[in-house]
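Report on the structure
One letter stands for each residue in the lines below.
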Amino acid sequence: MTRIAAPPARFPDSDGPRQVSKFEFNLLRILRFFVGHFPAEQAVRLLRESLPRPECLSLSAVELVQDTLAKGCILFLVRQGGWRNDRYLRNGHPIAGRVWDRIPLNERTLVFSRAVLEFLIWATAEKVHETKTPWDTTANQLTAADELFFWLVLNSIRFDPDLLASLRKKEAFRLNPFCWVCFPGDLVGNDNFEAPNFTPLFEGVRAAILECLQCYLTERWLQSERKKGQVGEWKKLRQQGHAEFVALRTFLEAAGRAKRPDLARFVLRTNATLLSTDLTPAFWTSGLQGSGPLRLADRLETQRAALAVPRQMEVLEAWQNHARTVGYFDDDYQATQMWKAEWEALHGDLIVSRARAVIQMLEPLGGATLRAQSADRGETAHDDHPEGSTG
Amino acid sequence: MSRAYRITVKESDTRRLKADDEICTQLEILEILPPEDMATLLREELKKRGFEEQPDGNLIRKDGELTVKVDPCSGEVSVKAETEETVSQEVRRDATGFNDVGPSERSLRQRVKDQLKADLDKKFEQEQNRLQGKATEALEKHLQELQPEISEVVNQVTRDALKQKAQQMGTVKEISEDAESGSLTIKVEV
């Protein structure tokens, strides 16, 4: 508390710690847990308890909530990558610097709506996993800061299956693009799901947040990919993989439309780290227990779904192919140069060929086409000869 | 005084069970010629191998219960195994009742009948699983056989495409093929 406590100048009328009720005290502790400043074990206990809901919060409590949100969210974003001296696109041109150097203040101001405070009151008053009073909000009324907050909430509680199952049904989480871009597998409980509209992520404050989260997203996806090899249930792996594929593919399509390939950097970096050596599909599927579904089609679908992340390399390769055709006088020249530099630094061509090879290994006629391809490559090499002669 | 009685109920049913399994994959055809020309070459090669062209442009070959379908334009291959059997199953249960306590004969008989229906459904489910296993096994076996053939098709299409490409570039002076190494050398005079 003392570490990020507000400076005295902020509360000139108070001489010491502010007085809050038991309910408000719990609410503040829960909020501090969401922004990463309170132990998970104690916070989960609070989330699983219920307390009588007061008619309203005191001014002190509201100010403390505002202060914690303002400092906690900003501190989180800065720590996750905002501090890095990096390059991102702005109006089609690469701009270098830390996030506060690259983006003007009015485009990186977090504005929270009532939904956040209402959620905090609900989460404090109710047993979140056995709620009596339902709470939800409309996704399209949430601000960028609200979406960041709800993403932080899901990020904090996702290790607890009961809390996760309860919260992921709510629109604030179910249709939150930040949640979908980070942990789509946690958001689906069956095969029927709907990915949100990712287009707003590439504009204004949301884009600034996404810039800050690039390194975090890379780490998160790497962890998720490495854990896939421990998933034993065929159905679970299929659902997770399917959700990941849809989320990443929709996200990349939106990034392509918005001409912000820099915000999809984490997909390239995740693949580059994963495929730094040749892998086999067993890396993703070795944990599957038993012989799986009776039908070969279902088994194949699960295995294909498990490789959702390497499968995104085809989109990134298309971007790279497009970038190679952009000339000096074209509008996208600087943006595509930046993408090409990133691609080359991470050995994109090699990563694409490794991704393709591992995907091909799963295909039932993959052996045939692989052999055919290698034979074809030999023939193409010979074909180069006559072309060379003509030159 | 109670009198015990035993009733035996039998149920039998005959059902037509169907099972299928299908996989779809993509042929990796190099774009040596324009896609329409590559599709034509693939179509011709597949026809030579017993595939029949359908009104929708797809090529289909049936090997018993297995169907191989190729879309020459997209290179998509689907292999489907279907099997069906008429299966008869009979189940039987005995139950004991007493005429002064417990359920009357009619309700006892009804209860046993319900149990028999469940037994019958379970037996048919087992049969369905067996049939599904059979279809999947057939598909897996066929895929192993199909793999070299598809490989040959892709190779042949690529060879033909290269030859056509060479002809478009100039006068073909010499073509030499080595079946063992799979190499093809074309000398062209422009």
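Here the structure is a predicted model, which is why all the values come from computation and not from measurement.

Glancing now at the packing of helix H14 (residues 265-274) of chain A against helix H18 (residues 333-345) of chain A. All names here are of chain A. For the pair H14 and H18, interaxial distance at closest approach is 11 Å and the crossing angle is 15 degrees. Comparing their axes, H18 and H14 come out roughly parallel. For H14 against H18, the interelement crossing comes out right-handed. Taken together, the residues of H18 that come into contact with H14 (itself represented by Arg265, Leu268 and Arg269) are Met338, Trp339, Glu342 and Trp343. In terms of residue class, the contact of H14 with H18 is made up of four nonpolar, no polar and three charged.

Our next topic: unusual backbone geometry. Despite not being glycine, Lys259 of chain A has its phi angle at roughly 55 degrees, a positive value. Within the secondary structure, Lys259 of chain A is located in the loop between helix H13 (234-257) and H14.

Residue and element names in this part refer to chain A. By the definition in use, this model includes four cavities of 30 Å³ or more. For the largest cavity, the calculated volume is near 60 Å³. Every residue lining the largest cavity is listed: Leu89, Pro261, Asp262, Arg265, Ala335, Met338, Trp339 and Glu342. In terms of residue class, the lining of the largest cavity is made up of five nonpolar, no polar and three charged. Each pocket or cavity is described by its volume, and for the second largest cavity that value is around 40 Å³.

A word on the domain arrangement of chain A. Residues and elements named next belong to chain A. Each assigned domain of chain A is listed here: domain 1 (23-212) and domain 2 (245-259 + 267-391). Opposite the 17 residues of domain 1 that make contact, domain 2 presents 12 residues. Both faces considered, domain 1 and domain 2 share a buried interface measuring about 1200 Å² in area, 76% of it formed by carbon and sulfur atoms. Of all residues in domain 1, Leu89, Phe198 and Phe202 bury the most surface against domain 2, accounting for 38% of the area lost on that side. Between domain 1 and domain 2 we count zero salt bridges in total. The interface formed by domain 1 and domain 2 includes one residue pair in polar contact (both at pLDDT 80 or more). For the side of domain 1 that touches domain 2, the element with the highest residue contribution is strand E1 (residues 86-90), accounting for three residues.

Calculation notes
Here, residues in each chain are numbered from 1, in the same order as that chain's written sequence. Written order decides the labels, with chains lettered from A and ligands numbered from 1. Restriction of local features to residues with pLDDT of at least 70 applies here, the model being predicted, together with a cutoff of 80 or more for giving and counting side-chain atom pairs; totals for whole chains, interfaces and linings are based on all residues. For the side-chain quantities, the full set of heavy atoms in the structure was used; hydrogens and water were omitted. Axes here mean lines fitted to C-alpha atoms, for a helix over just the part in contact, with angles spanning 0 to 180 degrees between N-to-C directions. By definition, any uninterrupted DSSP run of H or I lasting at least four residues is a helix, any uninterrupted run of E lasting at least two residues is a strand, and each is numbered from the N terminus. Orientation labels follow simple angle bins: below 35 degrees gives roughly parallel, above 145 gives roughly antiparallel, 65 to 115 gives roughly perpendicular, and whatever is left gives oblique. Throughout, a crossing is termed right-handed when the near helix is turned clockwise from the far one, and left-handed when it is turned anticlockwise from it by less than a right angle. Two residues form a contact once any of their heavy atoms are found within 4.5 Å. Residues are grouped as follows: Ala, Val, Leu, Ile, Met, Phe, Trp, Tyr, Cys and Pro are nonpolar; Asp, Glu, Lys and Arg are charged; all remaining types, including Gly, are polar. Cavity: a set of points on a 1 Å grid over the protein atoms alone where a 1.4 Å probe fits but cannot get out. Pocket: an open set with protein on both sides within 12 Å along at least five of seven lines, its lining residues, like those of a cavity, having an atom within 4 Å of a point. Grid points are joined across faces, edges and corners, and a volume is the space filled by probe spheres set on the points. The domain boundaries here were taken from an automatic or database domain assignment. Buried area: the sum, over both parts, of the accessible surface (1.4 Å probe) that disappears when the two are put together. Put simply, a salt bridge is a Lys or Arg side-chain nitrogen that is within 4 Å of an Asp or Glu carboxyl oxygen. Nitrogen and oxygen atoms within 3.5 Å of one another constitute a polar contact, given that in protein one can donate a hydrogen and the other can accept it, and given that sequence-neighbouring residues count only through two side-chain atoms.

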